[in-house]
Every structure is written in structure tokens, then in C-alpha cells.
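# Observations on chain architecture
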Amino acid sequence: MAAVVAPDAAAIADGAAFERPGFVRQTASDRPGVAQPVPVRDIPVQPWGPILLAALVMTALLLGGWEAYWRAFGATPGYRNSNGAWAEQRRRIDSGEGGRTVLIGSSRVLFDVQLPVWERITGERPIQLAMEGTSPVPVLEDLAADPNFTGRLLVGVAPDIFFTGFAYRGDIVPFYHQEGPSKRSGHWLSRHLLEPLFAFDDPDFALGTVVRRQAWPPRPGLEDHVSVRKLMVMQEPDRNAHMWRKLETDPAYRALARSIWAQRFNGPPPHGLDTPQKLQAAIDTQIARAATAIATLRARGVQVLFVRPPSTGPYYAFEQRVLPRARTWDVLLQRTGAPGIHFEDYPQLQGYTQPEWSHLSASEAIRFTNALVPIIRREYWRKPKPVVDTIPADDISAPR
């Protein structure tokens, strides 16, 4: 075998090519102390203008097809319930609006309490800080730690979320405190240039999400669990939202939403809540956290009111079986000393249409808010503001 001869320093200095029989080029180990040469390849002349134009046309066609597909499915453009949107509303408290009414909770407060209705009745439009699938306790603690907040606070209670501490969107509070200029500008661009224009700009319609939920063959280790699908529409930038009407008009989609909830009713308890002792410990922990935060708020003069929105059917039966009122709601009011409105105690808060058992339909949310707000004003938050006409149940988007 012939010996490999390293090139001399003069050849390297002159830019001579490295040669090694049987190989494209020498490796770094063949030339200790010598820098690896940078490969150079000529770029052939191409019609770059037409290529760019063809790429743009193909992109536009693909995006147009994707948009048309989801519009045919029933989607419409709307604002995304992003962390940036939540932070924008949270920032209002620290920007001079700390004396306003604030709503926190999970999706039932987000879907069921309509801001235009509240504003029409009271003359004030609340700040909506509820977040789907997420316990309001961390937000409650964040507001308690903020001396700028001196207003009134409505806390929604969905038993399976509030008393377990479940937080599907648990990063919203840290996001608000860590949000920088780049994230703010990204949210601004999205809200003004994408969200009001494109129906496909929704996490449920993202390509990766669509691919993952296809009917793939079962494989070992693959979780057999269907994620929650799109349930709401957010058509106003201050996060006023309501149920997506597809749940009312499409029986197949409604059945899908119900089957997803049924996974929770019929499946094993989640890790950490799989024994009565663990569940009770979680309940006690969440109530204790809420009591501490509310004591701080009340010392600052903030009025706090709990609200338990309605649920029905198998969802309500599940809540009654796993998290009965006597072990959760009643104890919460007793330990916090805060008042509460439970739908079971008011005939006008019962008997609503809830297509997938957990949330009110769009028109029913208006009727519910029309019934809820007068109770709050009459029994809890008396304020000398004139009460005006309520919004008809068929007007879901009254102007601000």
C-alpha cells in the first residue's frame, strides 16, 4: 500500500488542491494543524425570476386551498386565544384600568359570560382573563400580588378544573411577566395581518395537529386519547368569545365533542388523582391557595365573587360523582369567606341548551348573561349605575 504524502507548506500557501488517491479530499486528521479547506461549487445560471414567481404562485395556491377547505368545514376568521392576547388584557390592569371588573376562570366563564351584554346592563365592559382548560387559582394569586388591581373579581368555578388545579394553559401568567418586545410585536402582527383574514389560522387546523389526529394504526406506546377539538369562536380583540356554532348545527361534530368528554368520565383518573386521598389532598390545596389569595385581595378592598356556571347531562353527573358540591363548592365558600352564585340555587340560571354538556350555545350565553348580571348587581355588587335594556338572545355581537 502506497504511503500517503502530506502536501508541503508551500503548496498549502499557494492554494494547491489536496490530493489523496481514492478519496475526494483529505480529512483533517491527514493534515494536523492545517485548516479544513472550504468546498467550492459553482452555482449554475438559472432563471431565478421565473423560479421565484412559480414558488409564490404555488404557495398562494396551497394556502388558498387550505383556507377553502376549512371554510367549507365551517370555520371563519377570528382572533386567536393566544398567550399574547391574554397578556394584552392582563396588561390593562397595570396600565391604569386596575379598578375595573375582572373575570377569571376556565372555558365556562370565557364562553358563557358575554362582555357586550355585561356592558349593556352595567355600563362597564369587564376585562376577560378566563382561559380554557386552566384553573384560575394561579391568576387569582397573580392578581392578589398586584397592588394595581383594586376592582371587582368574578371567579368562575368548573369543579374538575378548579379543585384539581388542572392547567392546560398554565404558562399564561409566566408569559405575561416575561413577555418581551419581540413577542408583543409578533402578537400585534398576527392580530392585524393574519387572524381577522384567515380561517385556517387556528391551532386546531394546524397541519401538524391534523396529521397527528389521523386514524393511524395502533402501535405500542401510542396513547389512545383524542384531544379536545375546536369549541369556541373569538371574534373581538378583547377576548369576548362564544361557542362555535358547528357544535349546534353539525350532529357528527357535536357527537365527537361529547365522546372526547366521555373519555374523562369513563377512563382512569389522571396520575396524581388516582386515589381518594390524593384527590382530597388536591382539593384542600387549591382551596387553601384560593383562601390565601382572597384574604390579600379583600384586605385591599377588592370584592370577590365565585360563580359556578351550569353543566348538564353526563358531564354534570360526573362532577356530582367525583367532586360533589358538599366537598368542594361549600367548603370553598366557607374557607374563603367569599360569596358565591351556584346555578343550582337560581331557577333563572338553569334550563339552558348545552350542546356538549359543558358550555352554553352562542344564543344561550347571551340569555345566561342577561340573567346572571342582575343577580350580581342586586345581591352582591350594588353600584349606582343605571340598568339599561338587555341584549336580545339573537344578538351575539353587539357593538362596544
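Only a predicted model underlies this, so the values are computations on that prediction, with no experimental measurement involved.

### Here we look at the sheet that holds strand 3 (residues 152–156)
Overall, parallel pairing links the five strands, which are arranged 2-1-3-6-7 in an open sheet. Since the sheet does not close on itself, it has two edges, and those belong to strand 2 (127–128) and strand 7 (340–342), each with one partner. Sheet analysis places strand 6 (residues 303–308) next to strand 7, joined by three bridges and oriented parallel. In the strand pairing of strand 7, Arg308 is matched with His342.

### Some details on the confidence of the model for the protein chain
Note: predicted coordinates in regions of low pLDDT should not be interpreted at a detailed level. Summary statistics for the protein chain give a mean pLDDT of 89 and a share of 87% for residues scoring 70 or more. Scored below 50 in pLDDT, residues 1–6 makes five contacts in the model with residues more than four places away or belonging to other chains. In this model, residues 9–13 is a region of pLDDT below 50 whose contacts with residues beyond four sequence positions or in other chains number four contacts.

### Side note on the pattern of salt bridges
Two side chains that carry opposite charge are able to pair once their charged atoms sit near each other. This structure, assessed with the given rule, holds 28 salt bridges. Glu88 serves as the salt-bridge partner of Arg191, at 2.7 Å between the closest nitrogen and oxygen. In this pair, Arg191 sits in helix 9 (residues 181–193) while Glu88 sits in helix 3 (residues 83–93), placing the two residues 103 residues apart along the sequence. In this structure Arg191 comes out as buried when scored by relative accessible area, which is 17%.

### Remarks on the environment of Leu247
Following the sequence through the fold, Leu247 ends up in helix 11 (residues 246–249). Considering only alpha carbons, one finds Leu247 and Leu231, 16 residues apart in sequence, at a separation of 7.4 Å.

### Description of the packing of helix 5 (residues 115–122) against helix 16 (residues 362–379)
Where helix 5 meets helix 16, the axes come as close as 9 Å, and the angle between the chain directions of the two elements is 40°. One element, helix 5, and the other, helix 16, form an angle in the oblique class. In terms of crossing hand, the pair formed by helix 5 and helix 16 is right-handed. In this structure, helix 5 contributes Val117, Trp118, Ile121 and Thr122 to the contact, and helix 16 contributes Ile366, Thr369, Asn370, Val373, Pro374, Ile376 and Arg377. Of the residues belonging to the contact of helix 5 with helix 16, the class tally is seven nonpolar, three polar and one charged.

### Observations regarding helix 14 (residues 313–322)
For helix 14, the set of buried residues is Tyr315, Phe318 and Glu319. Projected down its long axis, helix 14 shows its buried positions confined to an angular sector of 95°, all on one face. Those residues of helix 14 hidden inside the fold are in contact with helix 4 (107–112), helix 7 (159–162), helix 12 (251–266) and strand 6.

### Details of unusual backbone geometry
Even without being glycine, Arg239 reaches a positive phi, approximately 75°. A positive phi angle is found at Trp357, which is not glycine, with a value near 80°. For Trp357, the location among the structural elements is in the loop between strand 7 and helix 16. Residue Trp357 is classed as buried on the basis of its relative accessible area of 15%.

### Brief notes about the pairing of strand 3
Of all five residues making up strand 3, five are buried, and the element is well covered by its neighbours. Judged by which residues are buried, strand 3 turns out to be covered on both faces: Arg152, Leu154 and Gly156 on one side and Leu153 and Val155 on the other are all buried. Strand direction decides the pairing type here: strand 1 (residues 101–104) and strand 3, joined by four bridges, are parallel. Across the sheet, Val102 pairs through a bridge with Leu153, a residue of strand 3. Across five bridges, the pairing between strand 3 and strand 6 is parallel. Residue pairing in the sheet places Leu154 in a bridge with Leu305 of strand 6.

### Notes on the nonpolar core
Counting 50 residues, the largest nonpolar core has Trp118, Leu154, Ile341, Leu349, Leu372 and Ile376 as its most contacted members. Only helix 4, helix 5, strand 4 (232–234), strand 5 (241–243), helix 12, strand 6, helix 14 and helix 16 provide two or more residues apiece to this core. Not counting chain neighbours up to four residues away, the residues in contact with Trp118 comprise Thr101, Leu103, Val113, Gly123, Glu124, Pro126, Leu154, Thr369, Val373, Ile376 and Trp381. Counting 40 residues, the second-largest nonpolar core is a separate cluster that includes Val137, Tyr176, Ile283 and Leu323.

About the thresholds
- Every chain is numbered on its own, with residues counted from 1 as its sequence reads.
- Local features are withheld for residues below a pLDDT of 70 in this predicted model, meaning they are given only at 70 or higher, and side-chain atom pairs are given and counted only at 80 or more; totals for whole chains, interfaces and linings count all residues.
- To get the side-chain values, all heavy atoms of the structure are used, and hydrogens and water are removed first.
- The pairing criterion for strands is at least two bridges between them, as found by DSSP.
- By definition, any uninterrupted DSSP run of H or I lasting at least four residues is a helix, any uninterrupted run of E lasting at least two residues is a strand, and each is numbered from the N terminus.
- Per residue, pLDDT captures the predictor's confidence, and it can take any value from 0 to 100.
- Here, two residues are considered to be in contact whenever any of their heavy atoms come within 4.5 Å of each other.
- By definition, a salt bridge exists where a carboxyl oxygen of Asp or Glu is found within 4 Å of a side-chain nitrogen of Lys or Arg.
- A simple rule labels every residue: compare its accessible area, found with a 1.4 Å probe on the protein chains alone, to the largest value its type can have, and call it buried under 20%, exposed over 50%, or partly exposed in between.
- To obtain each axis, a line is fitted to C-alpha atoms, and for helices this fit is confined to the stretch in contact; angles are then taken between N-to-C directions over 0 to 180 degrees.
- An angle counts as roughly parallel when it lies under 35 degrees, as roughly antiparallel when it exceeds 145, as roughly perpendicular when it falls between 65 and 115, and as oblique in every other case.
- Helix crossings get a hand from a simple test, with the near helix turned counterclockwise from the far one by less than a right angle marking a left-handed crossing and a clockwise turn marking a right-handed one.
- Only Asp, Glu, Lys and Arg are considered charged, only Ala, Val, Leu, Ile, Met, Phe, Trp, Tyr, Cys and Pro nonpolar, and every remaining residue, Gly among them, polar.
- What the arc measures is the spread of directions leading from the helix axis to the C-beta atoms.
- Here, the term nonpolar core denotes a set of buried Ala, Val, Leu, Ile, Met, Phe, Trp, Tyr and Cys residues that are joined through side-chain atoms within 4.5 Å.

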